[in-house]
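Examination of the molecular architecture
Listed below are the residues making up each chain.
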Amino acid sequence: MSLIADLLPAANVVVDLEASSKKRVFEQAGLLFENNQGISRSEVFDSLFARERLGSTGLGQGIAIPHGRIKGLQEAAGAFFRLATPVQFDAPDGRPVDMLFVLLVPEQANEQHLQLLSELAQRFSDADFRERITKAADAEAIHTAFVSWGSDASDQRRAAV
Amino acid sequence: MSFINGVLLLGGVLLFVSVLASTLTARLGLPLLLLFLVVGMLAGEEGVGGIVFHDFSTTMLVAQLALAVILLDGGLRTRASTLRVAFKPAATLATLGVVATALVLGVFATWLFGVDWRIGLLLAAIVGSTDAAAVFSLLRNSGVRLNDRVKSTLEIESGANDPMAILMVTVMVQMIMNPGERDGWAYGVMLLQQLAFGALTGLLGGWILAALLARLRLAEGLYALLIVSGGLMVFAATNMIGGSGFLAIYLAGLMIGNRRCHATEHVLRVMDGLAWLSQAGMFLALGLLVTPSHVFDHAPRALAMAFFLMLVARPAAVWLCLLKQRFAPNEVAYISWVGLRGAVPIVLAIYPLMMGVPHSLLLFEVAFAVVIVSLLVQGSTVPVAARLLKVVVPPRNEPVDRVEVWVGRNETLDLMEYRVGHLSRAEGMQPDSFVEREAGPEARCAAVLRHGKAVPLNRATRMREGDAVWLIAPDEMAERLAEAFAPGRENELSANAGFFGEFTVAADCPAGDLATAYGLALEDGEAALPLASLLIRRLGRHAVEGDRVSIGAFELTVRHLNSRGEIDKIGLKCPTALPMLRL
């Protein structure tokens, strides 16, 4: 069972987001989490920004996984953004970022936090998966890609065991 | 005349065959040195050549000259910055390590051959030091990039441990030939004098040569000859006043190589060939000298010696020397394994022969066998063992070629060649706008070559896969530019994410902030430290690229060091979920 599929509701996938900078993207993310999950937007923004100060969460190939811990959050929550125009992110390969998975986790769940990050990084490392979400026509197609990749992968895992 | 022509023809043929055959060894993964040795043996009295050659003093001359040139070359290429991490361990290994190896092996040899203990110890001392030629060439051509701590320790050890072995051999020969003549003190003084004179003349000579190199205007090819002849002067003069010539010439090389000037590039290019020629000449001569069937006479006992050395004596000595130096167990294991023997033991075995020590032919043949086994077994497993023991770090992106053009006394232009990789960032770009984007105004595109022909540069020019691109750029941009030309990664997001971790964090951010962001527990007093200091504190030693520290479930890896040896980038790796699922 994929961990990611559980925490990404269809409403949290946004395509063609217009944002001019990293900061604007984080503001948009705060707004979305406030509207959909009732998490305070300033808390989202502060948490993501605090993590970003340690070093960019850009992974390369136009992908970033901004993440942070939120006090009082019950369950991990995610949102995916595909930007209309890439923004500068200080990623290791210097490329601007146009696809972001924002991950918020409860304050006490640090083991889970790391596992989720690891699974996300693994997923985005798959060139086919990246291609699929880059070319996806709408938010729904992207959501399907996230949910179905999880089942493929767990099939593979079962096969490997 | 015909004799001279015969000798020249023979020398020419041997070298020619060796050069041609060298292309083969790279493919077979065998050390080049072994090839020279084999070519020499094939040409010798029992091979197809049938040449009878028993001239020990000529061999000695060739070998001393060759070793001096190889050590000079090794010194020229050793960056002073590597001394920071490797000086102490290498110095311990080069002194205490040699003695410890020889003592352990000496006891074994005395028992194995049933000879006088002094002969046993002499034999052990002969094979006691690692060989600079073997270590330098095998580590550099192994195709893997070793962690800096391990690589520098091995290289500096090999360059610096010959004096100790030579001294032990000299002492043992004297004890056997003139027992009771000198006491222990005299030998101690002799050792100190060897090291002190060697260090002093080497550093002084190197300083003078470096200064000369920077000031003189010579024809290009002459710079290297100036350095070689100067180095040989230092070598011979040091030996004559009772210092260690090998140590002196190595240090002289180190001084010259680290004071770069307009001539350094020429020197290095010519030295490359000279060092190669020295290795070839020396091993060819040694191969010619030996009678292979005699070596095989002692095969079982020589094998026992070789394996005892590799598996017991060397590991014990290395473990002892590195006990207090905070090396990781896998690093100790690798340093033990790469105790490569080479020409030095064979050359040292000639001493007792020339001095008429009893059993000296046996010593020579056993030493020879030990070297062959070491080159075969350890030499061919340098890369495999490195991967197995996890002392490799990912290769650094580098230009294919680099030419330094000196345009003023202290001004250089760096010309670098890159190859456009498949799916690289450079592919499909206009060269000028690419350079502008990746490197800014300090760099320029000089030429683009496609299939060996220059492509006219204009607005419509696009770089294609396989193009050779020459850029003028400052040296510190070489690595970043190389990344932009590197082939695109299909299933990896950034270079070597699998090794260093997906995220990169700044070395100067407070460790406490990282702990807060992920809910990690730190030890007392660590929260206020910058991450780099926390890493060094937990490692308890100078950091090198690839060093790892675990904090909670996280793994922090040293990703990059700046030119002063300070950590400037740290990789952050999350534990993968897969092992958890397997449980």
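All of these numbers come straight from a predicted model, not from anything done at the bench. (Residues numbered from 1 in each chain as written. Chains lettered and ligands numbered in written order. Predicted model: local features only at pLDDT ≥ 70, side-chain atom pairs only at ≥ 80, totals over all residues. Heavy atoms only, no water.)

1. Topic: the overall build of chain B
The number of helices and strands found in chain B is 24 helices and 11 strands. For chain B, the C-alpha radius of gyration of 26 Å lies close to 25 Å, the compact-globule estimate for 583 residues. Burial analysis of chain B (583 residues in total) assigns 52% to the buried set. Intrachain contacts of chain B at a sequence separation of at least 6 include 73% that bridge at least 24 residues. Accessible area of chain B: about 25700 Å², with a carbon and sulfur share of 64%. A gap of 3 Å separates the mean positions of the 46 positive and 48 negative side-chain charges of chain B. (Helix = DSSP H or I, 4+ residues; strand = E, 2+ residues; numbered from the N terminus. Rg over C-alpha atoms; globule rule 2.2 N^0.38 Å. Buried < 20%, exposed > 50% of the residue type's maximum accessible area, 1.4 Å probe, protein only. Contact = heavy atoms within 4.5 Å. Areas by Shrake-Rupley, 256 points an atom, 1.4 Å probe, with all protein chains shown as cover. Lys, Arg positive; Asp, Glu negative; His and termini not counted. Charge placed at Lys NZ, Arg CZ, Asp CG, Glu CD.)

2. Details of the overall build of chain A
Scanning chain A from terminus to terminus reveals six helices and six strands. Each helix and strand of chain A, placed in order from N terminus to C terminus, yields the pattern α-β-α-α-β-β-β-β-β-α-α-α. Going through the 161 residues of chain A one by one, you find that 57% of them count as buried. Of the contacts made within chain A by residues no fewer than 6 positions apart, 67% connect residues no fewer than 24 positions apart. For chain A, the exposed area adds up to about 6900 Å²; of that, 48% sits on carbon and sulfur atoms.

3. Some thoughts on the interface of chain B and chain A
Taken residue by residue, the interface counts 30 residues in chain B and 30 residues in chain A. The largest per-residue losses of area from chain B upon contact with chain A belong to L493, F503 and Y518 of chain B, which jointly make up 28% of the total buried on that side. Contributing elements (two or more residues each) for the side of chain B that touches chain A: β8 (503-506), α22 (511-518) and α24 (578-582) of chain B. Here the side of chain B that touches chain A gets five residues from one element, more than from any other, and that element is α22 of chain B. The residue inventory of the side of chain B that touches chain A, partitioned by class, reads 17 nonpolar, six polar and seven charged. (Buried area = accessible area lost by both parts, 1.4 Å probe. Nonpolar A, V, L, I, M, F, W, Y, C, P; charged D, E, K, R; others polar.)

4. Examining the packing of helix α5 (residues 117-126) of chain B against helix α16 (residues 343-355) of chain B
Axes are the key here: two packed helices are described by the angle between their axes and the distance separating the axes. Residues and elements named next belong to chain B. Running from N to C, α5 and α16 cross one another at 145°; their axes reach a closest spacing of 8 Å. Within the contact between the two elements, α5 uses L122, A125 and I126 and α16 uses P345, L348, A349 and P352. In the contact of α5 with α16, the residues fall into seven nonpolar, no polar and no charged. (Axes fitted to C-alpha atoms, helices over the stretch in contact; angles between N-to-C directions.)

5. Things to note about the nonpolar core
Membership of the largest hydrophobic core comes to 129 residues, with the highest contact counts inside it found for M305, Y334, F364 and F368 of chain B. Considering each element in turn, this core owes the most residues, 12 residues, to helix α17 (residues 360-378) of chain B. Those residues in contact with Y334 of chain B, other than ones at most four positions away along the chain, are L139, L146, V150, L154, V382, A385, A386, L389 and V391 of chain B. Of all hydrophobic cores here, the second largest spans 54 residues; its members include I63 and F124 of chain A together with L531 and L572 of chain B. (Core = buried A, V, L, I, M, F, W, Y, C linked by side-chain atoms within 4.5 Å.)

6. What about the confidence of the model for chain A?
Averaged over every residue, the pLDDT of chain A is 84; the share at 70 or more is 89%. Overall, residues 153-161 of chain A carries pLDDT values under 50, and its contacts beyond four positions in sequence, including any with other chains, amount to four contacts. (pLDDT = per-residue confidence, 0-100.)

7. Some words on the packing of aromatic side chains
All names here are of chain A. What the rule picks out here adds up to 17 aromatic pairs over all chains. Between F124 and F129, the aromatic rings sit 5.9 Å apart at their centres with planes inclined by 65°, giving edge-to-face as the arrangement. An identical accessibility class is assigned to F124 and F129; each is buried. An angle of 80° between the planes, with centres 6.1 Å apart, marks the rings of F124 and F146 as edge-to-face. Taken as a pair, F124 in helix α4 (residues 110-125) and F146 in helix α6 (residues 139-160) lie far apart in primary sequence, 22 residues in all. (Phe/Tyr/Trp six-rings, centres within 6.5 Å; stacked < 30°, edge-to-face > 60°.)

8. Details of the domain arrangement of chain B
Residues and elements named next belong to chain B. Per the domain assignment, the segments of chain B are domain 1 (2-388), domain 2 (401-485) and domain 3 (497-573). On a C-alpha basis, the centres of domain 1 and domain 2 stand 40 Å from each other. If you look at the interface, domain 1 gives seven residues, while domain 2 gives six residues. Summed over both partners, the interface of domain 1 with domain 2 comes to about 550 Å²; 41% of that surface belongs to carbon and sulfur atoms. Summed over the three residues of domain 1 that lose the most area to domain 2, namely H262, E265 and R269, the buried surface amounts to 55% of that side. Connecting domain 1 to domain 2 are zero salt bridges. Counting across the domain 1 and domain 2 interface gives one residue pair in polar contact (both at pLDDT 80 or more). Broken down by secondary-structure element, the contributors of at least two residues to the side of domain 1 that touches domain 2 are α9 (184-215) and α12 (264-289). A class-by-class count of the residues in the side of domain 1 that touches domain 2 yields two nonpolar, one polar and four charged. (Domains from an automatic or database assignment. Salt bridge = Lys/Arg side-chain N within 4 Å of Asp/Glu carboxyl O. Polar contact = N/O pair within 3.5 Å; in protein donor to acceptor, adjacent residues only side chain to side chain.)

9. Observations concerning α12 of chain B
Look at α12 of chain B: 36 Å from first C-alpha to last across 26 residues, which is about the 38 Å you get at 1.5 Å a residue. When the local axis directions of α12 of chain B are compared, the greatest deviation, roughly 25°, occurs at M271 of chain B. (Expected span 1.5 Å × (residues − 1). Bend = angle between axes of the 7 residues up to and from the residue.)

10. Section: the packing of α9 of chain B against helix α10 (residues 220-240) of chain B
Residue and element names in this part refer to chain B. It is at 10 Å that the axes of α9 and α10 come closest, and there the two elements cross at 160°. Classed by the angle they form, the pair α9 and α10 counts as roughly antiparallel. As α9 packs across α10, the resulting crossing turns out to be right-handed. Packed against α9, whose contacting residues are F197, G198, T201, G202, G205, L209 and L213, the element α10 presents Y223, L226, I227, G230, G231, V234 and T238 at the interface. Residues belonging to the contact of α9 with α10 are distributed by class as follows: seven nonpolar, seven polar and no charged. (Parallel < 35°, antiparallel > 145°, perpendicular 65-115°, else oblique. Left-handed = near helix turned anticlockwise from the far one by under 90°.)

11. Topic: the sheet that holds strand β3 (residues 401-406) of chain B
Residues and elements named next belong to chain B. In space, the five strands of this open sheet follow the order β3-β4-β7-β5-β6, with antiparallel pairing throughout. Each end of this open sheet is capped by a strand with a single partner; those strands are β3 and β6 (453-454). Two elements, strand β5 (residues 444-450) and strand β7 (residues 468-472), share five bridges in a ladder whose sense is antiparallel. Bridged to A447 within β7 is W470. (Pairing = 2+ DSSP bridges.)

12. Topic: the pairing of β5 of chain B
All names here are of chain B. Here β5 runs beside β6; their pairing, made up of two bridges, is antiparallel. Note on β6: the bridge partner recorded for R450 is K453. What sits between β5 and β6 in their antiparallel hairpin is a turn of two residues, with H451 showing a positive phi close to 50°.

13. As for the side chain of D414 of chain B
All names here are of chain B. Mapped onto the elements of the fold, D414 is located in strand β4 (residues 412-419). With no salt bridge to any partner, buried D414 finds its closest opposite charge in R402, at an N-O distance of 5.4 Å. Not counting residues within four places of it along the chain, the set of residues in contact with D414 comprises V403, E404, L471, I472, A473, P474 and D475.

14. Concerning the confidence of the model for chain B
All names here are of chain B. Residue-level pLDDT values for chain B average 85, and 96% of them are 70 or greater. Across chain B, the secondary-structure element scoring lowest on mean pLDDT is α24, at 40, and the one scoring highest is helix α15 (residues 329-337), at 94. Counting interchain partners and residues more than four positions distant, the pLDDT-below-50 stretch residues 577-583 has six contacts. Predicted complex, confidence summary: ipTM 0.84, pTM 0.79.

15. Side note on unusual backbone geometry
In the Ramachandran plot, H359 of chain B falls in the positive-phi region, its phi being about 65° despite a non-glycine side chain. Taking the relative accessible area as the measure of exposure, H359 of chain B reaches 45% and is therefore partly exposed.

16. Description of the pattern of salt bridges
Per the stated rule, a full pass over the model turns up 21 salt bridges over all chains. Residue R41 of chain A pairs with E34 of chain A through a salt bridge whose shortest N-O separation is 3.1 Å. Residue K151 of chain B is joined to E155 of chain B by a salt bridge in which the shortest nitrogen-to-oxygen separation is 4.0 Å. In this pair, K151 of chain B and E155 of chain B both sit in helix α7 (residues 148-160), four residues apart, roughly one turn of the helix. In this structure, a network of salt bridges that share partners links the residues D73, R77 and D272 of chain B.

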